[in-house]
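# Structural description and commentary
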Amino acid sequence: MAQIGSFDATTVAPREDFSPIPADEYLAQIVDSDMKPTKNGNGQYAELTFEVMEGEFKSRRVWARLNLDNPNVKAVEIAQRDLSAICHAAGKLQIRDTQELHYKPMLIRVEVSKREGYADSNEIKAYKPSGNVPVQATNTTAANTDAAKEPPPWAAKAA
């Protein structure tokens, strides 16, 4: 017998299941983000916490790590491409802080990563708009290009 004193399980959230979720596409949103130093200390990465919003794995979390500050130019390029995909999926094309991406539903394609010597883990391979997120046209060139494709509303009335 182990005497633990008084414990009320209603006051403590149960431990989360960190086993990987199956490879699939999920509706998810970023619920937390932070800049962290790399393991060797020569850069930083943005850690984004995604939470699945529906289905069997609702509330499960998956993480993306973006090497935005790294001496490896290729790692930074990959991270910037991922961040661009996340911004497009979230409908937020220009940001100053990753918190601007929080709580924006998007589709993420998750795969299970298997590496020798490590436990299986999830890896996000793609980010797409969920279909109900309007993209903010903050780039004037893009806005002008779109405007050139469609006549202005008053032109339709004159015709």
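You'll find the structure just up there.
Residues numbered from 1 in each chain as written. Predicted model: local features only at pLDDT ≥ 70, side-chain atom pairs only at ≥ 80, totals over all residues. Heavy atoms only, no water.

## Focus: the side chain of Gln29
Heads up, the condition is: Comment: elements are numbered from the N terminus, with helices defined as DSSP H or I runs of at least four residues and strands as E runs of at least two. In this description, contact between two residues means that some pair of their heavy atoms is separated by no more than 4.5 Å.
Examined against the element boundaries, Gln29 turns out to sit in strand 1 (residues 24–37). With near-sequence residues (within four places) excluded, Gln29 lies in contact with Thr49, Phe50, Glu51, Met53, Tyr103, Lys104 and Pro105.

## Brief notes about the pattern of salt bridges
Definition in use: Salt bridge, as used here, is a side-chain nitrogen of Lys or Arg placed within 4 Å of a carboxyl oxygen of Asp or Glu. Three labels apply to residues, based on accessible area from a 1.4 Å probe with only protein chains included: buried if under 20% of the type maximum, exposed if over 50%, partly exposed otherwise in between.
Enumeration over the complete set of coordinates arrives at ten salt bridges. Ionic pairing is found between Lys128 and Glu25, a salt bridge with its closest N-O pair at 2.6 Å. Separated by 103 residues along the polypeptide, Lys128 in strand 5 (residues 121–129) and Glu25 in strand 1 bring together distant segments of the chain. Classification of Lys128 as partly exposed rests on a relative accessible area of 37%. Taking the shortest distance from any N to any O, the salt bridge between Glu111 and Arg109 comes out at 2.6 Å.

## Observations concerning the pairing of strand 2 (residues 44–52)
Heads up, the rule is: We call two strands paired when DSSP finds no fewer than two bridges between them.
With eight of its nine residues buried, strand 2 lies for the most part within the structure. With nine bridges joining them, strand 1 and strand 2 adopt antiparallel strand pairing. Across the sheet, Lys36 pairs through a bridge with Tyr45, a residue of strand 2. What sits between the antiparallel neighbours strand 1 and strand 2 is a turn of six residues, in which Gly41 has the positive phi angle 80 degrees. Bridge count for strand 2 against strand 3 (residues 61–69) is seven bridges, and the pairing is antiparallel. Counted as the bridge partner of Phe50 is Val62 from strand 3.

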